[in-house]
Amino acid sequence: MILEQFGAQAWDKTLSAADLDDAILVSVQSYPDDVTFRLISAAAATAGLTVEDTLHAFGRHWVRASAQGPYAGVLQILGTSLLESLNNLDQMHASIQLAMPGAQLPQFSVLSQDDRSIRLAYYSKRAGLESFVCGLLDGMLEKFATPGFVEFSGQDGDARIFTITLAEPDAA
Ligand code: HEM
C-alpha cells in the first residue's frame, strides 16, 4: 500500500523507521507480530494517518489488491455475495493454514442476518486489529458494490462483534 501510494523511497524510509530490512518479508513466510506492528506504526507516520486509520486503510487495500494479485482466485471462490463470502472465510483461511503452518488465522461466525444488517463474530489470538477487520469488511462491501457501513460493536466473551448495516434498497 505504501509502495503504491507513496513510492519506493517512502517504502525504504518506512522500513528504516521500523528498523527493518525487507529480507524478512518473504511471501508465504511468517514473521513475528512485533514486525507487523512496527511496520504499521511506521506506515502510519509515512502516510500521516493514525495507526487505527492505517489499519482500516490497509484492510480495504488488502481486499482490492488481493482481487488482482496471486490471491485473485482465492478471493473469487470465496463467494458470489457478501454473506456467502463471510460464511466461507474460515474454510478459506483453513486451507491457507496448510501452506503456512505457522500462521495464526482468525475465525469468523455470522451470528444473525436480515435485509438490513449482518452481525459477525471475530475470534483472534491477536489484540488491536479491530480497525483492520472494519477495513476488510468495508473492502468486501465495495467488492460486491453493496452500500453500507461497518462498526465494531464491542466484545462478548472471546467474540469481538461487528455490525454491517446495509443501505435500504432503492424503492422500485
Ligand atoms: C484472498 C483472500 C485472503 C487471504 C489469502 C487471506 C490470508 C490471510 C493470511 C495469510 C493471514 C495471516 C495469518 C498469520 O500469518 O498469522 C490472514 C490474516 C487475517 N485475515 Fe485473511 N485472508 C484473505 C481474506 C480475508 C478477508 C476477506 C477477511 C475478513 C473479512 C480476512 C480476515 C483476516 C484477519 C482479521 C486477519 C488477521 C489475523 C488475526 O486476526 O489474528 N481475511 N489472512
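Provided above is the structure to which this section pertains.
A closer look at the sheet that holds strand 4 (residues 159-166)
- The strand order across the open sheet built from four strands is 1-2-4-3, with neighbouring strands paired in antiparallel fashion. Each having just a single partner strand, strand 1 (107-113) and strand 3 (148-156) make up the two edges of the open sheet. Between one strand axis and the next, the sheet turns through 25° on average, direction left out of account.
- Relative to strand 4, strand 2 (residues 117-123) runs antiparallel, the two sharing six bridges. Directly across from Ile118, in strand 4, lies its bridge partner Ile164.
- Sheet strands touched by helix 6 (residues 82-99): strand 1 and strand 2. Its angle to strand 1, the strand with the most contacts, is close to 145°.
- Contacting strand 2, strand 3 and strand 4, helix 7 (residues 130-143) crosses the sheet at an angle of about 150° to strand 3.

Regarding the site of the ligand
- Around the ligand sit 22 residues in total, of which Tyr71, Ala103, Pro106, Ser124 and Arg126 are the nearest.
- If you list the elements that add at least two residues to the shell around the ligand, you get helix 4 (51-66), helix 5 (72-78), helix 6 and helix 7.
- Tallying contributions element by element places helix 7 first for the shell around the ligand, with five residues.
- Considered class by class, the residues forming the shell around the ligand number 16 nonpolar, five polar and one charged.

Structural notes on unusual backbone geometry
- One non-glycine residue, Asp19, lies in the positive phi region at around 60°.
- Here Asp19 is to be found in the loop between helix 2 (8-17) and helix 3 (33-47).
- Its identity as a non-glycine residue notwithstanding, Ala145 has a phi of 50°, on the positive side.
- Under the C-beta neighbour-count criterion, Ala145 is labelled exposed, with 7 such atoms within 10 Å.

Things to note about the pairing of strand 2
- What you see with strand 2 is a clean split: Ile118, Leu120 and Tyr122 sit on the buried side and Ser117, Arg119, Ala121 and Tyr123 on the side with no burial.
- Bridge analysis of strand 1 against strand 2 gives six bridges, and the strand direction is antiparallel. Paired with Gln113 across the two strands is Ile118, which belongs to strand 2.
- Hairpin connection between strand 1 and strand 2: a loop of three residues separates the two successive antiparallel strands.

Cut-off values and rules
Residues numbered from 1 in each chain as written. Predicted model: local features only at pLDDT ≥ 70, side-chain atom pairs only at ≥ 80, totals over all residues. Pairing = 2+ DSSP bridges. Helix = DSSP H or I, 4+ residues; strand = E, 2+ residues; numbered from the N terminus. Axes fitted to C-alpha atoms, helices over the stretch in contact; angles between N-to-C directions. Contact = placed C-beta atoms within 7 Å. Near = placed C-beta within 6 Å. Nonpolar A, V, L, I, M, F, W, Y, C, P; charged D, E, K, R; others polar. Buried ≥ 20, exposed ≤ 12 C-beta atoms within 10 Å, placed from the backbone.

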